[in-house]
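Listed here are the chains, written in short residue letters.
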Amino acid sequence: MTKKMLFGKTIDELKEIVKQLDLPLFAAGQIAEWLYHKRVCSIDEITNLSKKARDLLSEKYDMGISVPIKEQISKDGTKKYLFPVNDGHFVESVFIPEINRKTLCISSQSGCKYNCAFCMTGKHGFHTQLSAGEIVNQIRCIPESENLTNVVFMGMGEPLDNFDEVLKSIKIMTSEWGFGWSPRRINLSTIGIIPILKQIIENSDVHIAISMNSPFHDERKMIMPIEEKYPIAQIVDTLRQYDFGKQRRISFEYIMFNNLNDTEKHIKGISQLLNGLRCRINLIKYHSIPDSPLQGSSEKKREWFSEQLNKKNFITTMRRSRGEDIFAACGQLANI
C-alpha cells in the first residue's frame, strides 16, 4: 500500500487523521508543531507521541520530505534547485539572495498548460499538479530555508490552475500552527484566471502580481493565449471591485520586448487601463528562450519606459535580472 504524505497536511486534516487512528485530538497540534516548527524529518522524531501512536501513523503515512537532487549556482549567487515530485516528474525552485532579502521562487506545477510565447516552462507542456506538501517542501528543504524573508509563486506553472493545493500551502505558511509567516511575505503571480483570482483575493491576504505584458487585447493575445478567455481589461475591472488596503500590494508584471510593447503608445495604453488603480508596475528584462523570435528591449529603452510611467504617477520597478547563466531567470525554468 502506498503511504500518504504527512508533510503538507493542514491542522484540520491532522485532526481527522488522529481521529481515525483513535488518538487524542490534541495530538494534531503536536504533530503540526513537529512538522512545521521543529521541522523533523521522520515520524519517529515526534517524541511527545507515544511509540504506539508513532507506529500507527507510520503504517499509513510517510513524513513526505524530499531534498533537492540537483543544485546550480549562478555567477551572481542565485541558486537553482531541482526537486522530484509525483509520478516521476520534477520542478525547479530559485533562491535569490540580496542584502536585505532572501527570496525563494517556488513552483506550483510541473510544466504549464498556457504556452505563453516568452516562457520556456509552457513550451514543454503540462505534466502534473503539485500537492501542498510538494509546494511547501521546496521551502522546507533548501539549505537557506530558515533565513528566507520572502516567497514568490513565480516558478513553474500557473498557481491559480492548482488553486486548492496552492491555497492550502499558503495556509501552512501563514497559520500559527504552520510556519507563522505574515502573508505580506508571499507574492503570487498569475496570468489572471478571473474566477479563481477572485477566490485567492477573498481567501488569502498575499500580494498579487498580474502578468500583463501588453495593455492591448490583440497584442496580449498574440503572446499570451489566455487573453482570449480572460482579457486584461476584465482582469483590471475585477481588481477594482476589491479594497486591498494599504498593506496588500497589487502589481503588474511587464516583460519588455523590442518594438513590440515598449513604445509611447503602450505608455498611454497602460495609463488608461490602470488609471486610478493603486498598483505598481514591474518592468522585466526578457530572457531569450530557444526557438523564439522575441527580442528584449534595451536597458536604455526600459529606463525611458520607466521614467515615462513615473511621470504619469505610476510606481515602477526595474526588476534586476538574476540567474540567467543557469537558466534560472524569469521565464527560463524547464528542468534543464
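Residues numbered from 1 in each chain as written. Predicted model: local features only at pLDDT ≥ 70, side-chain atom pairs only at ≥ 80, totals over all residues. Heavy atoms only, no water.

> Give me the pairing of strand β13 (residues 280–285): which residues, what numbers.
In terms of strand pairing, strand β12 (residues 250–256) meets β13 through 6 bridges, oriented parallel. Residue pairing across strands places Phe252 opposite Ile281, the latter belonging to β13. In this fold, β12 hands off to helix α10 (residues 264–274), which returns the chain to β13; that crossover is right-handed. For β13 and strand β14 (residues 315–319), the ladder comprises 5 bridges, and the chain directions are parallel. In the strand pairing of β14, Arg280 is matched with Ile315. Taken together, β13, helix α11 (residues 299–311) and β14 form a β-α-β motif whose crossover is right-handed. (Pairing = 2+ DSSP bridges. Helix = DSSP H or I, 4+ residues; strand = E, 2+ residues; numbered from the N terminus. Right-handed = clockwise from strand over helix to strand, strands pointing away.)

> I'd like a description of the sheet that holds strand β9 (residues 150–153), backed by residues and values.
If you walk across this open sheet you meet the 10 strands as β3-β4-β5-β6-β9-β10-β11-β12-β13-β14, and the pairing is mixed. This sheet does not close on itself; its edge strands, each paired only once, are β3 (70–73) and β14. Direction aside, the axes of adjacent strands within the sheet are offset by 20 degrees on average. Strand direction decides the pairing type here: strand β4 (residues 79–84) and strand β5 (residues 90–97), joined by 6 bridges, are antiparallel. Among the inter-strand pairings, Phe83 is bridged to a residue of β5, identified as Val91. Packed onto the sheet, helix α5 (residues 132–140) meets β4, β5, β6 (102–105) and β9 and runs at close to 35 degrees relative to β5. (Axes fitted to C-alpha atoms, helices over the stretch in contact; angles between N-to-C directions. Contact = heavy atoms within 4.5 Å.)

> Hey, could you go over helix α1 (residues 11–20) for me, with residue numbers and the actual values?
Two residues of an α-helix separated by three or four positions point the same way, owing to the 3.6 residues in each turn. Among all positions in α1, only Ile11, Leu14, Ile17 and Val18 are buried. Across the axial projection of α1, the buried residues extend over an arc of 115 degrees, all falling on one side. Residues of α1 that are exposed and angled more than 90 degrees away from the buried face: Asp12, Lys19 and Gln20. Elements that come into contact with the buried residues of α1 comprise α2 (26–37), α3 (51–60) and β2 (61–62). Downstream of α1 by a residue or two, Asp22 has a phi angle that is positive, lying close to 60 degrees. (Buried < 20%, exposed > 50% of the residue type's maximum accessible area, 1.4 Å probe, protein only. Arc of directions from axis to C-beta.)

> Give me the lowdown on α3, citing residues and values where you can.
All of the buried residues along α3 are Ala53, Arg54 and Leu57. Buried residues along α3 cover an arc of 100 degrees about the axis, so they all sit on one side. In α3, the exposed positions that point more than 90 degrees away from the buried face belong to Lys51, Lys52 and Glu59. Residues of α3 that are buried in the fold lie against α1, α2 and β2.

> Give a detailed account of the packing of aromatic side chains, specifying residues and quantitative values.
Using the criterion set out here, one finds 9 aromatic pairs in the structure. Geometrically, the ring pair formed by Tyr36 and Trp177 is tilted, given 6.1 Å between the ring centres and 55 degrees between the ring planes. One end of the pair, Tyr36, is in helix α2; the other, Trp177, is in the loop between α6 (163–174) and β10 (186–190), and 141 residues separate them in sequence. For Tyr36, a relative accessible area of 2% corresponds to the buried category. A connected cluster of aromatic rings, assembled from ring pairs, spans Phe7, Tyr36, Trp177, Phe179 and Trp181. Of note, Lys38 hangs over the ring of Trp34, and the distance from its end group to the ring centre comes to 4.1 Å. The side chain of Arg39 reaches across the aromatic face of Phe179, ending 4.9 Å from its centre. (Phe/Tyr/Trp six-rings, centres within 6.5 Å; stacked < 30°, edge-to-face > 60°. Lys NZ or Arg CZ within 6 Å of the ring centre and 35° of its normal.)

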